[in-house]
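Listed below, chain by chain, are the residues.
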Amino acid sequence: MAELTLLGVGSADSVLHYNTNALIPTQAGRMLIDAGHTIGRALHAVGLGCRDVDVIFVTHCHADHIYGLERIGSERLFAGLPRPRLIAHRSLESELWEQSLKGSMGRIGEGECSLQTYFDVQWLDDGERFAVGEVDFELFETQHTPGKPCFGVMINQRVMYSGDTRPLPHVVDRYQPELILHDFTVFESNPVHATLSQLLAAYPEGVRRRMKLMSYEDDVTQVADAVKASFMGFAEQGETVAL
Ligand SMILES: [Zn+2]
């Protein structure tokens, strides 16, 4: 049975938990959901390196989700390894290359580069399903930074990986996931992540008991009792779940 390991569970400013990125070993190679700026150390912690990544699905263009792509793409290119498959919704194309990676990756000793120099790119349409080896994914749009495209995935029709987002009760209603790995922030004033009060208001207890919270800040212990009382709990760095 396929498994997902949380390489990190931290927010963008966490220095203790690595970026919220996940590893899924599949029959088609090792897949990441997102590759942020801590990906090299996070992979090293599980005995792997950037050259060992074969597929990356990108949820959205924030540094803690995409800046590790520079290392993975560059190290595999310079090692003469096949290009990793890069999967993302097509609305991310300009943000990902022109506005984020091109400044660092746009030119090498041999000349000018494109995203396709480094990656075998697969752009997805709204709600598209895709497979990586034996693992099935279905894309859904999330509600993160207003005006900025951001996506999550339903995995094998049973595990929901929210990506960065505020609560998505309509997605949970649609898929009825058995397990939900959901964005969370300690700070009630945070306008782009899911706060405790928002989660309590958006989801009934039966849903929250199937929900593990991730993408949290280092001082998350201040709400540990409240989370324990109303949710399945926190997702932990290095934790593995069956898919
Ligand atoms: Zn984000």
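Please read all numbers here as calculations on a predicted model, not as lab measurements.

**Here we look at helix α4 (residues 93-105)**
Working note: α-helix, 3.6 residues per turn, so residues spaced by three or four point in the same direction. Taking 1.5 Å as the rise per residue, α4 with 13 residues should run 18 Å; its terminal C-alpha atoms sit only 15 Å apart, a clear shortfall. Residues of α4 that are buried include every one of Leu-96, Trp-97 and Leu-101, and no others.

**With respect to the nonpolar core**
Within the largest apolar cluster, 64 residues are counted, with the highest numbers of intra-cluster contacts made by Ala-22, Ile-56 and Leu-213. Sequence-distant contacts of Leu-213, defined by excluding residues within four places in its chain, comprise His-182, Phe-184, Val-227, Phe-231, Phe-234 and Ala-235.

**Quick look at the pairing of strand β9 (residues 129-132)**
Inspection of the sheet shows β9 paired to strand β10 (residues 135-141) by 4 bridges, in the antiparallel sense. Bridge pairing in β10 places Arg-129 opposite Glu-138. Taking the residues between adjacent antiparallel strands as the criterion, β9 and β10 are bridged by 2 residues, where Gly-133 takes a positive phi near 60 degrees.

**Description of the sheet that holds strand β16 (residues 240-242)**
Strands in a sheet are paired, the pairing made by backbone hydrogen bonds, and the direction either parallel or antiparallel. Pairing is mixed across the open sheet formed by 7 strands, whose spatial order is β8-β5-β4-β3-β2-β1-β16. The open sheet terminates on both sides in strands that have one partner only, identified here as β8 (120-124) and β16. Within the sheet, the average angular offset between the axes of one strand and its neighbour, ignoring direction, is 20 degrees. Both strand β5 (residues 85-89) and β8 contribute to a ladder of 5 bridges, which runs parallel. Within β8, the residue paired with Ala-88 across the bridge is Trp-123.

**Focus on the sheet that holds strand β12 (residues 159-161)**
The strand order β9-β10-β11-β12-β13-β14-β15 describes an open sheet built from 7 strands, whose pairing is mixed. Bordering the open sheet on either side are β9 and β15 (233-234), each of which pairs with just one other strand. When β12 meets strand β13 (residues 179-183), the two strands line up parallel, connected through 3 bridges. Each bridged residue has a counterpart across the sheet, and for Tyr-161 the counterpart in β13 is Leu-181.

**Some remarks on the environment of Ala-79**
Within the fold, Ala-79 resides in the loop between α3 (69-78) and β5. Of the residues examined, Ala-79 has 9 C-beta atoms within 10 Å and is grouped as exposed. Considered as a pair, Ala-79 and Pro-204 are 125 residues apart in the sequence and their alpha carbons are 50 Å apart.

Scoring rules and cut-offs
Residues numbered from 1 in each chain as written. Predicted model: local features only at pLDDT ≥ 70, side-chain atom pairs only at ≥ 80, totals over all residues. Helix = DSSP H or I, 4+ residues; strand = E, 2+ residues; numbered from the N terminus. Expected span 1.5 Å × (residues − 1). Buried ≥ 20, exposed ≤ 12 C-beta atoms within 10 Å, placed from the backbone. Core = buried A, V, L, I, M, F, W, Y, C linked by C-beta atoms within 7 Å. Contact = placed C-beta atoms within 7 Å. Pairing = 2+ DSSP bridges. Axes fitted to C-alpha atoms, helices over the stretch in contact; angles between N-to-C directions.

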